[in-house]
Amino acid sequence: MPVAKSVENPVAEKSMETNEANADILPEDFKVAIDSFKQLTEDNNNQFFAKARYITGELDRLRVLIEYNPTAMNNPAISEMITSESGKIRNLEASRAESVNKFKNDINSLLEGLKSEIENEDEKRRRLVKLTEHVDQIGVNNTVLSEVTSGLLDKLIRIRSNITESQNGRWGIDYYKSSITQVIDEIVNDLSIASKRRRGIVGDVEGIKREGYYQER
């Protein structure tokens, strides 16, 4: 007597995949933590972007001034601006880094538990991989931001030091003018990199939410 062959049920398989796609991966209450972190990040970013625009404008103005009148760098207001804005950037970066580290620790703890729970659910596992990639990219952006911002602050201090040293005229005013102009270009580039990385973190937070919770795709 022939043995009956098992018949695959494509409808049932499709239904299972659909259920997996429509299910939430992350706990519902964690959505609040995601939204809160995103809002904190956006608020911090907006303050940083405003500072970046202001610093860029002031340094561009300084570059033009010293091109035609190098002694203009001796204006005390310039050193005061650099000191003040450096402190504000430092505080914004410290606050940003603290919130990122807390968020990463919280979500990584969740992901560790999820990996074993959904290892046999293909669609959920695929979403978990994408979600983890977004978390990892936040870590990359966080590291780059820390390094770039640290370098940015050092360069602002270097401008202030060059201004102070120029008053003694040890190397000649043209040397300090050239040095300051070069550092200004580097600072403007650092501010641009930092801004892009900050926006990248917000984008990855949106990716985490997109993969972690069901929504119309």
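In this text the structure is predicted, and so the values were computed from the model without any measurement.

Engineer: Would you mind showing me how to read the pattern of salt bridges here?
Structural biologist: Two side chains carrying opposite charge are able to pair once their charged atoms lie near each other. Per the counting criterion, the structure on display carries 19 salt bridges. Residues R63 and D60 are paired through a salt bridge, measuring 2.3 Å at the closest nitrogen-oxygen approach. Of this pair, R63 and D60 both sit in helix α2 (residues 30-68), three residues apart, roughly one helical turn. Looking at D60, the relative accessible area reads 30%, which means it is partly exposed. A salt bridge links E123 to R126, with the shortest nitrogen-to-oxygen separation between them at 2.9 Å. Here E123 pairs with R126, and both are found in helix α4 (residues 122-166), just three residues apart, close to one helical turn. Look at R126 and you get partly exposed, because its relative accessible area is 37%.

Engineer: Please clarify how the packing of α2 against helix α3 (residues 76-117) should be interpreted in this entry.
Structural biologist: The geometry of a pair of packed helices is captured by two quantities: the angle between their axes and the separation between those axes. Two elements in contact, α2 and α3, have axes whose closest approach is 10 Å; the angle formed by their N-to-C orientations is 160°. Considering the angle they form, α2 stands roughly antiparallel to α3. Crossing of α2 over α3 shows left-handed handedness. Here the contact of α2 with α3 is built from residues that sort into 17 nonpolar, four polar and six charged.

Engineer: Help me understand the environment of G200 in this model?
Structural biologist: As for its position among the elements, G200 is in helix α5 (residues 173-212). Residues G200 and N142, spaced 58 residues apart in sequence, show a C-alpha to C-alpha distance of 9.8 Å.

Engineer: In this structure, what is going on with the packing of aromatic side chains? I would like to understand it.
Structural biologist: For any pair of aromatic rings, the description rests on two quantities: the centre-to-centre distance and the angle between the ring planes. Under the definition given, this model contains four aromatic pairs. Residues F30 and F103 carry aromatic rings whose centres are separated by 6.1 Å and whose planes lie at 25° to one another, so their mutual orientation is stacked. With F30 in helix α2 and F103 in helix α3, this pair connects stretches of sequence that are 73 residues apart. For the ring pair F48 and F49, a centre distance of 6.3 Å and an interplane angle of 70° mean the geometry is edge-to-face. Overall, F48 belongs to the buried group, its relative accessible area being 1%.

Engineer: Quick question: what am I supposed to make of the confidence of the model for the chain here?
Structural biologist: Detailed reading of the predicted model is not advised wherever pLDDT is low. Mean pLDDT for the chain: 87, with 88% of residues reaching 70 or above. pLDDT under 50 marks residues 10-17. Its contacts with residues more than four places away, or in other chains, come to two contacts.

Engineer: Mind showing me how you'd approach the packing of α3 against α5 here?
Structural biologist: Here α3 crosses α5 at 25°, and the two axes come no closer than 13 Å. As far as their axial angle goes, α5 and α3 are roughly parallel. The two elements α3 and α5 cross, and the hand of that crossing is left-handed. Only R198, I201 and I208 of α5 make contact with α3, whose side of the interface consists of L92, E93, R96, V100, F103 and I107. When grouped by side-chain class, the residues that make up the contact of α3 with α5 number six nonpolar, no polar and three charged.

How each quantity is defined
- The residue numbering used here restarts from 1 in each chain and proceeds along that chain's sequence as written.
- Per-residue local features are limited, in this predicted model, to residues with pLDDT of at least 70; the limit for side-chain atom pairs, both in listing and counting, is 80 or more; totals at the level of whole chains, interfaces and linings are taken over all residues.
- Note: side-chain values were computed over all heavy atoms of the structure, leaving out hydrogens and water.
- We count a salt bridge whenever a side-chain nitrogen from Lys or Arg sits within 4 Å of a carboxyl oxygen from Asp or Glu.
- Only DSSP runs of H or I covering at least 4 residues are called helices, and only runs of E covering at least 2 are called strands; the numbering of each starts at the N terminus.
- Each residue's exposure class comes from its accessible area (1.4 Å probe, protein chains only) as a fraction of the maximum for that residue type: buried when under 20%, exposed when over 50%, partly exposed otherwise.
- Between the N-to-C directions of two axes lies an angle of 0 to 180 degrees, each axis being a line fitted to C-alpha atoms and, for a helix, fitted only over the stretch in contact.
- Roughly parallel refers to an angle under 35 degrees, roughly antiparallel to one over 145, roughly perpendicular to one between 65 and 115, and oblique to any angle outside these ranges.
- Handedness of a crossing is defined here by the sense of rotation of the near helix relative to the far one, left-handed for an anticlockwise turn of less than a right angle and right-handed for a clockwise turn.
- Any residue that is not Ala, Val, Leu, Ile, Met, Phe, Trp, Tyr, Cys, Pro, Asp, Glu, Lys or Arg is counted as polar, Gly included; the first ten are nonpolar and the last four charged.
- Stacked, tilted and edge-to-face pairs are distinguished by plane angle, under 30 degrees for stacked and over 60 for edge-to-face with tilted covering the rest, among Phe, Tyr and Trp rings (Trp via its six-membered ring) whose centres lie within 6.5 Å.
- Per-residue confidence from the predictor is reported as pLDDT, which spans 0 to 100.
- Any two residues having at least one pair of non-hydrogen atoms within 4.5 Å are treated as being in contact.

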